[in-house]
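Breakdown of the fold
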Amino acid sequence: MTASPDASPIDREIKYADASKLRTYIIRMRLPENATFASIQALENWYRSLLPPIAANSSVARFVYAYSDAITGFAARLTEEELGYIEQKEGFLGSYQDVKLPLLTTHTPELLGLQPGQGLWSNSNMGKGVIIGVLDTGLAIGHPSFGDDGMEPPPSRWKGNCRHNGIGCNNKVIGVRIFTSSGGGSAPEGAADDEVGHGTHTSSTAVGNFVENANVLGSGNGTAAGVAPRAHLSIYKVCSSDGCITSDVLAGMDAAIKDGVDVLSLSLGGGSRALYADVIAIGAFSAIEKGIFVSCAGVTPARHLQRSPMRLHGS
């Protein structure tokens, strides 16, 4: 099949783009001046219109995510030449190549000195009425830490939903969503089960309800609880056993902001980089602007340092 004679040089060049040359990029855009979009679908249609014609009509799925709240932009699978095409579009702000971030864990309850009957717990409502969104590897829904004994229904301002292969949520777990479309997850679509254990661990650490007679192989018997045992949980599966893809993480953040969480918890991260070059930091800033507290793990050892290619308008 030959290229159309009136096709642009860039279109002719990418006509036969090898799929192996495709990379996922997060594209950040500035909305057209005085532009209004009646729906998220209308915004996505505008994003799709920015793709080169060949990419838009490719037999390989190119469009990955449309973002609206974490950033104004989208994720798409592109060649270098196609990325260059989009960079020429009015309103282009920057591009970020997808990278994989490692899962991280810490000892926050011990650090905060949380003990029953004393310290911060005795002077708090234990998170009552607060909605915490956790971005991680999913959740073991039947785990006793996520029972809803003593829990009130979620606040009326909650806009999220539960999508977990037909398994319903309760007054503790009020939202379950999956974002692994870019290939970061190994579980089939619709399966938010935690195959790793990390998401269950971090979620129970944050919001685990009181569980009596908890022990480790018969030792240390007592009552287990998370930092905010009366808070509600919405889980966003954005990671697999080998890490978290940034475009998936950003999609989870985007959804959590729309859903109406009060806190975003991300026990994942990579090496330090300039904030303007860190798409997760940009998404976190958007969440903070909307009144959401963001708790994100940080790590500095050299083995976790990652430098993702980032291009700005005019660079």
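Residues numbered from 1 in each chain as written. Predicted model: local features only at pLDDT ≥ 70, side-chain atom pairs only at ≥ 80, totals over all residues. Heavy atoms only, no water.

On to the nonpolar core, then. If you look at the biggest cluster of nonpolar residues, it comprises 37 residues, and the most contacted ones within it are Y236, V249, M253, L264 and L266. When residues of this core are traced back to their parent elements, those giving at least two are β2 (63-67), β6 (131-136), α7 (246-259), β13 (263-266) and α8 (279-289). Among the elements that take part in this core, α7 stands out by supplying seven residues, more than any other. Contacts of Y236, omitting those with residues within four sequence positions, involve G133, V134, L135, D136, W158, R177, F179, G252, A255, A256, D259 and V261. Of all hydrophobic cores here, the second largest spans 15 residues; its members include Y47, F63, A76 and F92. (Core = buried A, V, L, I, M, F, W, Y, C linked by side-chain atoms within 4.5 Å. Buried < 20%, exposed > 50% of the residue type's maximum accessible area, 1.4 Å probe, protein only. Helix = DSSP H or I, 4+ residues; strand = E, 2+ residues; numbered from the N terminus. Contact = heavy atoms within 4.5 Å.)

Going through the model one piece at a time under the given rule, you end up with eight salt bridges. The partner of E152 in a salt bridge is K128, with the nearest N and O atoms 3.2 Å apart. Placement of the pair is E152 in the loop between β6 and β7 (173-178) and K128 in the loop between α5 (108-112) and β6, with a sequence separation of 24 residues. Overall, the relative accessible area of 44% leaves E152 in the partly exposed class. (Salt bridge = Lys/Arg side-chain N within 4 Å of Asp/Glu carboxyl O.)

What follows deals with unusual backbone geometry. Even without a glycine there, the phi angle at N34 is positive, about 65°. Within the secondary structure layout, N34 lies in the loop between β1 (23-29) and α2 (40-49). Positive phi outside glycine occurs at N213, with the angle close to 60°. Within the secondary structure, N213 is located in strand β8 (residues 211-216). Judged by its relative accessible area of 57%, N213 falls in the exposed class.

Let us look at the sheet that holds β6. In spatial order, the strands read β7-β10-β6-β13-β14; together these five strands make up an open sheet with parallel pairing. Of all the strands in the sheet, just β7 and β14 (293-296) have a single pairing partner and so form its edges. The mean inter-strand angle of the sheet, taken between neighbouring strand axes irrespective of direction, is 15°. With four bridges connecting them, β6 and β13 associate as parallel partners. (Pairing = 2+ DSSP bridges. Axes fitted to C-alpha atoms, helices over the stretch in contact; angles between N-to-C directions.)

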